[in-house]
Amino acid sequence: MKTIAAISTPYGIGGLSVVRVSGEDAFKISQRVFESHDGTLLEDMPGHTCKLGIVYYQNRPIDEVIASVFKSPRSYTGENIVQLSCHGSMFIAKSVLRSLLDAGAHMAGPGEFTKRAFLNGKMSLDKAESVMGLISSNYEKSRNISFSAYCGSLDGKINEIRQILIDILSNLNAEIDYSDEDIPEMSNEEIVSKMHYAKSEIKKLIDSYSVGYVVKNGLRTAIIGAPNVGKSTLMNFLSKREKSIVTDIAGTTRDAIEESIIIGDVPLVLIDTAGIRETEDKIEKIGTEKSMEIAKAADLILILLDASRETTNEEIKLINLFDKKKVIIIVNKIDMNSSYKCDFDNPVLISAKTGQGMGDLAKRISNFVDFGSCEDENLIITTERQRDVLVKSLKSLKDIENKIGAIPRDILAEIIKKPLEILSEFSGENIEKEIVDQIFSKFCVGK
Ligand SMILES: Nc1nc2c(ncn2[C@@H]2O[C@H](COP(=O)(O)OP(=O)(O)OP(=O)(O)O)[C@@H](O)[C@H]2O)c(=O)[nH]1
Ligand SMILES: [Mg+2]
């Protein structure tokens with residue numbers, strides 16, 4: 001494989017910038033641009049050590065850097081790695097990278113370092129996915145979930161489930177291979193009970209995705225309602241910034257505005273939308289249609305009513321359009337009419353202007369995601385791919401369970417290999433190259 005290089009730290013000014021080089025020729029190529037103060041060559045340095053020296057760009061010294069050396073296979077990628085830590089200027093980091101590329105390195109693609117780590121057997125695919133989760137984690141829960149997976153919690157669970165099936169398989173094989181000897185048979189009931197346990201463990205993991213999805217992606221939450229009910233005021237209150245324009249003119253917001261926030265334990269992607277109403281105004285009409293589309297695609301819909309006036313028929317119709325389970329009805333401007341009576345069950349009464357009722361709203365949003373449904377916080381899956389593998393394996397187990405007792409044992413031994421094979425895809429065994437490429441293409445360059 002070619003030797004690759006990339007800047008691994010974020011673009012911008014910082015204490016340090018790190019340029020990473022990985023591949024068979026990492027030492028040779030890096031040596032062309034780096035000279036240690038004591039003259040030691042990179043390839044003569046023991047792994048996991050570093051040297052201070054000068055980095056050159058077009059034969060000119062450009063910075064004093066620390067070169068860290070990791071030797072194959074004891075490195076992140078499993079290949080030889082040199083990490084050049086320079087002063088944290090983007091301009092310097094780019095020059096160091098340019099210099100390395102001129103010296104023979106190839107620009108790394110998105111996630112290519114981690115992809116190599118996976119391909120070289122340094123980490124499972126779900127661990128690589130957790131690296132992505134760690135990088136994008138933005139609060140405690142998302143970090144904890146990703147770090148557990150990074151430490152192997154999911155791999156451990158999948159292996160435990162696989163082991164149950166391997167147990168059944170080896171018992172069946174022993175029976176078949178030594179049929180004339182007196183080997184105790186595993187009864188059908190025992191097999192069913194073991195498979196039942198395997199299935200319930202898989203099911204728990206599948207169910208954990210409802211939490212994992214939200215923690216990783218945020219709950220897409222649309223704020224909708226008639227014009228002027230205070231949608232943008234609520235958006236600004238919750239995001240603690242003047243994100244949306246607020247005026248007393250109906251039809252102020254014309255386009256959807258998004259902001260990521262965290263309420264309690266729940267990350268939200270909050271979407272302020274244009275007020276929904278029957279109108280002849282061309283722009284507003286488009287805005288209304290767009291708001292409806294956003295609401296339909298959202299995980300949670302906050303429908304705002306206005307306590308300072310009667311609820312209109314149009315608003316009642318709007319509320320009835322959506323699945324009640326996805327909706328929280330909010331009555332805003334309660335500061336203007338504290339005796340407001342709502343026609344709908346269980347509304348949250350707030351004032352986006354004064355902040356009244358915001359605690360109740362936070363509680364209702366927190367309750368919307370059932371974090372309690374996951375028995376074990378360390379066992380939460382976070383990607384569609386992981387879910388797909390588990391759904392496929394569950395289906396395969398169900399198919400087999402229905403056949404136990406009705407088919408000969410040698411056939412049972414054969415078909416039980418199928419869910420085992422599917423489960424091995426979880427950690428990335430037997431997985432197609434396109435799927436691997438697709439996963440890593442979502443990573444950033446330098447990871
Ligand atoms: N008294 C009071 N006024 C509010 C409250 N929330 C919003 N308002 C006022 O209501 C008016 C409309 O607020 P916006 O937040 O722009 O309403 P909107 O729903 O985004 O309106 P459009 O974008 O036009 O659909 C502004 O004058 C706000 O100051 C509230 O809780 N109490
Ligand atoms: Mg608005």
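Conventions adopted
Residues numbered from 1 in each chain as written. Chains lettered and ligands numbered in written order. Predicted model: local features only at pLDDT ≥ 70, side-chain atom pairs only at ≥ 80, totals over all residues. Heavy atoms only, no water. Helix = DSSP H or I, 4+ residues; strand = E, 2+ residues; numbered from the N terminus. Rg over C-alpha atoms; globule rule 2.2 N^0.38 Å. Buried < 20%, exposed > 50% of the residue type's maximum accessible area, 1.4 Å probe, protein only. Contact = heavy atoms within 4.5 Å. Areas by Shrake-Rupley, 256 points an atom, 1.4 Å probe, with all protein chains shown as cover. Lys, Arg positive; Asp, Glu negative; His and termini not counted. Charge placed at Lys NZ, Arg CZ, Asp CG, Glu CD. Domains from an automatic or database assignment. Expected span 1.5 Å × (residues − 1). Near = heavy atom within 4 Å. Polar contact = N/O pair within 3.5 Å; in protein donor to acceptor, adjacent residues only side chain to side chain. Nonpolar A, V, L, I, M, F, W, Y, C, P; charged D, E, K, R; others polar. Pairing = 2+ DSSP bridges. Axes fitted to C-alpha atoms, helices over the stretch in contact; angles between N-to-C directions.

Observations concerning the overall build of the protein
From N to C terminus, the protein includes 15 helices and 13 strands. By the compact-globule yardstick of 22 Å for 447 residues, the protein is too spread out, its C-alpha radius of gyration being 29 Å. Across the 447 residues in the protein, those meeting the buried criterion constitute 48%. Pairs at least 24 residues apart make up 66% of the contacts formed inside the protein by residues separated by at least 6 positions. For the protein, the accessible surface area stands at approximately 22,300 Å², while carbon and sulfur atoms represent 51% of it. In the protein, which carries 56 positive and 66 negative side-chain charges, the distance between the mean positions of the two groups comes to 5 Å.

Here we look at the domain arrangement of the protein
You can read the domains of the protein as domain 1 (4-119), domain 2 (153-214 + 383-427) and domain 3 (220-372). Look at where the C-alpha atoms of domain 2 and domain 3 centre, and you get two points 46 Å apart.

Overview of helix H12 (residues 384-403)
Between its terminal C-alpha atoms H12 stretches 29 Å, which fits the 28 Å expected from 20 residues at 1.5 Å a residue. When H12 is considered as a whole, its buried residues turn out to be Arg-385, Gln-386, Val-389, Leu-390, Ser-393, Leu-394, Ser-396, Leu-397, Ile-400 and Glu-401. Immediately downstream of H12, the backbone of Gly-405 shows phi near 95°, a positive value.

A short note on the environment of Lys-395
As for its placement among the helices and strands, Lys-395 is situated in helix H12. For the pair Lys-395 and Ile-135, spaced 260 residues apart in the sequence, the C-alpha separation amounts to 33 Å.

With respect to the site of ligand 1
Taken together, 23 residues sit near ligand 1, with Lys-231, Ser-232, Thr-233, Gly-251 and Thr-252 positioned nearest. Gly-275 is positioned such that a nitrogen or oxygen atom in its backbone is 3.3 Å from an oxygen atom of ligand 1. For ligand 1, an oxygen atom lies 3.0 Å from a polar atom in the backbone of Ala-352. When isolated, ligand 1 has an accessible area of 650 Å², and the protein chains bury 92% of it. A total of three residues in the shell around ligand 1 trace back to one element, the largest contributor, which is helix H8 (residues 231-239). A breakdown of the residues in the shell around ligand 1 according to their chemical character gives seven nonpolar, eleven polar and five charged.

Topic: the sheet that holds strand S3 (residues 34-36)
The mixed open sheet is built from seven strands, whose spatial order is S3-S4-S5-S6-S2-S1-S7. Where the open sheet ends on each side, the last strands, each with one partner, are S3 and strand S7 (106-107). Packing of helix H2 (residues 90-102) onto the sheet brings it into contact with strand S1 (4-7), strand S2 (16-22), strand S4 (49-57), strand S5 (60-70), strand S6 (81-87) and S7, and relative to S1 it is tilted by some 170°. Packed onto the sheet, helix H3 (residues 112-119) meets S1, S2 and S7 and runs at close to 135° relative to S1.

Describing the environment of Leu-154
Positionally, Leu-154 belongs in helix H6 (residues 153-177). Residue class for Leu-154 comes out buried when judged on its relative accessible area of 1%. Considered as a pair, Leu-154 and Asn-171 are 17 residues apart in the sequence and their alpha carbons are 26 Å apart. Setting aside chain neighbours within four positions, we find Leu-154 in contact with Asp-126, Ala-149, Leu-205, Leu-379, Ile-380, Ile-381, Gln-386 and Phe-426.

Focus on the side chain of Glu-129
Residue placement: Glu-129 occurs in helix H4 (residues 125-135). Taking relative accessible area as the criterion, Glu-129 reaches 7% and is therefore assigned buried.

Section: the sheet that holds strand S8 (residues 219-225)
As summarised here, the arrangement of the six strands in space is S9-S10-S8-S11-S12-S13, forming an open sheet in which the pairing is mixed. Each of the sheet's edge strands pairs with one partner strand only, and the pair in question is strand S9 (257-263) and strand S13 (348-349). In this sheet, strand S10 (residues 266-272) lies alongside S8 in parallel orientation, the contact comprising five bridges. Looking at S10, one finds that Ala-222 is bridged to Ile-271. Contacts from H8 reach S8, S9, S10, strand S11 (300-306) and strand S12 (327-332) within the one sheet, and its direction differs from that of S9 by about 45°.

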